[in-house]
Structure formats: C-alpha cells, structure tokens
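Observations on chain architecture
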Amino acid sequence: MNGLEEIRVRGGTPLCGSITIQGSKNAALPVMAASLLHRGVSVLRKCPRITDVFCMEEILKSLGAKTWWEQNDLYLDCEDADKTEISSVYTGKMRSSVILLGAMLGRNKEGIMGYPGGCVIGKRPVDLHVCVLQSLGAEVTENDSFIKASCSKMKGCRFVFPKKSVGATEQALLAAVFAEGRTILENCAVEPEILMLCRYLNEMGASIEKTGESRLEITGMTELNGGDMAIPPDRIVAGTYLCAAAATRGKIIIENPPEGEMEAFLEVYRKMGGQYEWNSGKLVANATKVAYPVTDLETEAYPGFPTDLQSPLMAVLATIPGNSSLRENIFEDRFRIVEELKNMGADIQVQGRTARINGGNRLHGAELSAAELRGGAALIIAALAAEGESVIKGCSFIHRGYENICRDLAVLGGQIRENTGNIFYENIQLQEKN
Ligand code: EPZ
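What comes next is a walk through the structure. Bear in mind the structure is a predicted one, so any value in this text is a computation, not a measurement.

Right, let's talk about helix α6 (residues 166-176) for a bit. Note on helix geometry: an α-helix contains 3.6 residues per turn, so any two residues three or four positions apart are oriented the same way. Where burial is concerned, most of α6 is hidden: ten out of the eleven residues are buried. Those residues of α6 lying buried are Gly 167, Ala 168, Thr 169, Glu 170, Gln 171, Ala 172, Leu 173, Leu 174, Ala 175 and Ala 176. With a side-chain oxygen positioned 2.9 Å from the backbone nitrogen of Ala 168, the residue opening α6 is Ser 165.

Quick look at the structure:
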C-alpha cells in the first residue's frame, strides 16, 4: 500500500443481495500466537487475509517460524521458532502482539518485545497483562521502550481480573497452559474469540474448562500437539454489513452468520426497526423499515453491545430522524468519526463518553479520513447512505480487519470502488486498469 489508496463511494443505493463473511480477525490472531506453543506445524483454516494477520505472520517468522498459505488455509511451522525478541517495528503497528509474551514464556521461559503502545482509540495499557504473568510467577520488567518477562517454571494460580480484558485473558491462557498445576481465572473476558482460543488450545492437547459465567480453569501440560481448526466467521464484520444494510434501508442475506454471537447487536438492530430471521443457517435481514432512534445504548464486554460496532452503529443512527445516544464504556477515545460525520451534515454532540446524535439530516458526500479500523468502516457506511460521492482516505486502517470490504459491498450493489494501484472494484466488475 502506498498510502495513496482511496475508496470512492456514491451513496443512495439500498444494499441488496447475499454475502459470505470472512474469518474473524480477533479469533485468528490469538490462535496464531497459540501455534507458537507447538514445535511443529499447525493449520488455521478459513483464515482472513487481512493486514493484521499478515503482521502476526511476519512476527512469527521473525521468531523463526515458517508460514505458507494454501488458498485460505494458513500453515504455521513453529519447529524452529525459538527466538524470544520481537521488534518494536511490529509491536508499534499491532498492539495485540503483546499476547505473544505469554506464548514465548510458555515455550522458552522468556520474552522481550517493544512496548505495545496505545492507539487513537485509547491509551490501551498492559498493566493487567503484567499482573497476570507475575501471578503465574514471571518476573516482568518494563520501561517505555520494551517489556520483558522471564520465568524458569511458571506455577498455576488463582487470578481475579479487576476488570474484563480480552487481551489479558488471552495472555493468561497462553502462559498458563504450560504452568505447573491448576490456574483459575475469575472475572475473565468470555468473548467468542476467547472460547475459540480455548477450543483451539484444547484441540492441541491443553486442558481448559469454562467453570462459570466468567471463570476459566486451566490444568498445566508439558507439551502440546499441532492445532488444526477453522476460524469462525467474524461477528464484527457481519455486524458492519448489517449496519450498511440498515443505513441504506436495504435487504441482505448473510450466508454464514456467527449464530449466537450477535444477540446484543441484533436487539439494537430490531429496536431501530430492522427485521431479520434465521433461515436454514442464513441470516435474512430486511432493513427497509429502519426508522427508530435508539437512546441510552452502552457498549459493554461480551455479551453486551460490542465496542467494535459502536462507530458503525453511529453512522446508521445519523440517518435516522430523532435523538439517539451512545455511551462508550470500553475505550476512552472512540468517537473519532464524529467530526467526519459532521462534515457530511450529521448533528452529533459529544459529552465525555456519551455521544448524542440528532439524526435525520440527509447526509451529503465529503472528503473523509479514516483514523482507525472500525471508524473507517463506519465512514464507508455513512458514505453509502449519503447523497453524492465521498472519498475516504486511510484505507490501510480498514484493511487491517476487513479482507475486502469494497468487493463485498459492491457484491451487495453498493456503488463503491477502491483505487489500490491498478485494480478497481466497481459494481462487482473487476476492471484491470491498463
Ligand atoms: C480486544 O482488544 C480486541 N482486539 C478489540 O478489537 C476490542 O475492541 C477489545 O478487545 C474489546 O472487546 C483484538 O482482539 C485483537 P481489552 P484488547 O484488553 O484486548 C483496558 C478491533 O477493532 N485495559 O479487552 O486490547 C483497555 O484500555 C479491536 O478489532 C487495561 O486497562 O481490549 C480497555 O479500556 C479494537 N489494562 C479495556 O481494558 C490492560 O492491561 C478493554 O480492553 C488491558 C486492557
């Protein structure tokens, strides 16, 4: 990507058609880290081809792993992945690489990495990661350039998370699978991606049980076999496309919806006037009657309304007449798209962690800039609903988590195209620019 990529959208067309959802980014990344715990080959099937996965692949290769793809199956050979240092070039780009610390500890009893800084949506500290590794017996030192952990033999512990953290729970699981004895994690995150990681680790030979609503118990092992599992469909991508259907008052069918993982979102979608039904494993959504504002919605840890769909939903609420309000409880700075939506004519006021949307002004196309992944997807949604053409820069943020959002939305009839060098997607016609 040369930084000049841009996405052009002509709004006003209700989406219509059926779409297949890519593999989940937030499930793929932790199981890639878990593959480090086996000195051989693991396979992740239906793995999404997104830049965060490619970044994690580069990190594993920097540790000595070999990786290759066969269609959408990612092979990781971690036979020789015994290096224990990760450059800040990677950790600065993708903070979720911090969970590799637990995997390196489990494999080689030490790990050092560039400090995984924050990002535009918040400071994103790693204090809970440090705490749980220390509870397992690791010695952790950190300064503002690196974080180091070492331990000759980790011992199981009982750790009560003071607040829910997806990454710190993943960190704990990756470190505890080789710790001596039993580890009990209380008040841990239980997102579908965490349970997927537990299933994958158990498939590798670990012993992890969910023994309570937010409680996981791990019995330490001495070694694990190779993993081989399919990555489930991405619930946030599915929610993003349903938001696009809602914003354009369209009708779409999701061929492979992550059943049982989208209840909180679907409850809000229905409150807005969206209709849906499950039909032989497909999600059939009719958003033609979306017309009702939503008030007092709050983002929460799973199974609450996901923070990753807060911005896409805001774009929808900007198209619905009436007063809506959203409170972002997870990250301290996740209203980055408000100014961009205001450039399109939206009327939104932010007070602290609450955004009040006075929806209904017809949005108009504008020059827009994505500053982070889900906000970028939200700008595309707003542009699909707006009158006229929008140009969205900062596509590289969007490519981190969406395999090909332009192709998918074009398949659904969206007037959208992306200029990534010499390929244009336009109305599902792939035109090689000569
Ligand atoms: C994961 O991030 C996801 N990323 C995020 O998705 C998602 O928004 C987030 O979980 C919440 O669901 C991946 O899975 C790769 P957290 P993570 O630790 O693990 C604070 C996307 O768009 N905290 O659950 O970093 C933290 O600052 C991304 O796909 C501490 O205070 O999130 C935040 O306020 C964005 N100390 C809250 O907890 C810590 O040590 C929740 O963070 C760790 C986190």
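Right, let's get into the site of the ligand. As a structural note, the neighbourhood of the ligand is formed by 22 residues, with Asp 127, Leu 128, Ser 165, Asp 308 and Ile 330 the closest of them. In the model, an oxygen atom of the ligand is placed 3.0 Å from a nitrogen or oxygen of the Arg 124 side chain. If the ligand stood free it would expose 830 Å²; the protein chains cover 89% of that surface. Of the residues that constitute the shell around the ligand, the class distribution is eight nonpolar, six polar and eight charged. Summarising the domain contributions, the shell around the ligand has at least three residues from each of domain 1 (6-22 + 233-432) and domain 2 (25-230).

In this model helix α2 (residues 51-62) runs 16 Å from its N-terminal to its C-terminal C-alpha over twelve residues, within 8% of the 16 Å that 1.5 Å per residue would give. Of the positions making up α2, those classed as buried are Asp 52, Val 53, Cys 55, Met 56, Glu 57, Ile 59 and Leu 60. Looking at the buried side of α2, the elements it contacts are α1 (25-34), β4 (66-70), β5 (73-77), β6 (85-86), α3 (88-93) and α4 (100-108). Of the residues flanking the end of α2, it is Gly 64, one or two places downstream, whose phi is positive at about 115 degrees.

A word on the nonpolar core. Among the nonpolar cores identified, the biggest contains 75 residues, and Met 32, Leu 36, Leu 44, Leu 100, Leu 173, Leu 185 and Leu 201 are the most heavily contacted of them. Tallying contributions element by element places α1 first for this core, with seven residues. Ignoring sequence-local partners within four residues, the contact set of Leu 185 consists of Val 132, Phe 159, Phe 161, Thr 169, Ala 172, Leu 173, Ser 214, Arg 215, Leu 216 and Ile 218. Formed by 74 residues, the second largest nonpolar core is a distinct cluster that contains Val 290, Leu 326, Ala 346 and Ile 405.

Procedures and definitions
By convention here, each chain's residues receive numbers from 1 onward along its written sequence. The model is predicted, so local features are restricted to residues of pLDDT at least 70 and side-chain atom pairs to those at 80 or more, both for listing and for counting; the totals for chains, interfaces and linings are taken over all residues. Note that water and hydrogens are dropped before the side-chain values are worked out from all heavy atoms of the structure. Think of it in three bands: residues with accessible area under 20% of the maximum for their type are buried, residues over 50% are exposed, and the middle band is partly exposed, with areas taken using a 1.4 Å probe on protein chains only. Strands here mean DSSP runs of E at least two residues long; helices mean DSSP runs of H or I at least four residues long; both are numbered from the N terminus. The term polar contact refers here to a pair of N or O atoms within 3.5 Å; inside protein, the definition further demands a hydrogen-donor-capable atom paired with an acceptor-capable atom, and it admits residues adjacent in sequence only when both atoms are side-chain atoms. Residues are labelled near a given molecule or strand when at least one of their non-hydrogen atoms is within 4 Å of it. Areas reported as accessible are Shrake-Rupley estimates using a 1.4 Å probe. Residue values count occlusion only from the protein chains shown. Only Asp, Glu, Lys and Arg are considered charged, only Ala, Val, Leu, Ile, Met, Phe, Trp, Tyr, Cys and Pro nonpolar, and every remaining residue, Gly among them, polar. Bear in mind that the domain bounds are from an automatic or database domain assignment. Multiplying 1.5 Å by the residue count of a helix minus one yields the expected span of that helix. In this analysis, two residues are considered to be in contact whenever any of their non-hydrogen atoms come within 4.5 Å of each other. Here, nonpolar core means buried Ala, Val, Leu, Ile, Met, Phe, Trp, Tyr and Cys residues that are tied together by side-chain atoms lying within 4.5 Å of each other.

This is a description of form; function is not addressed.
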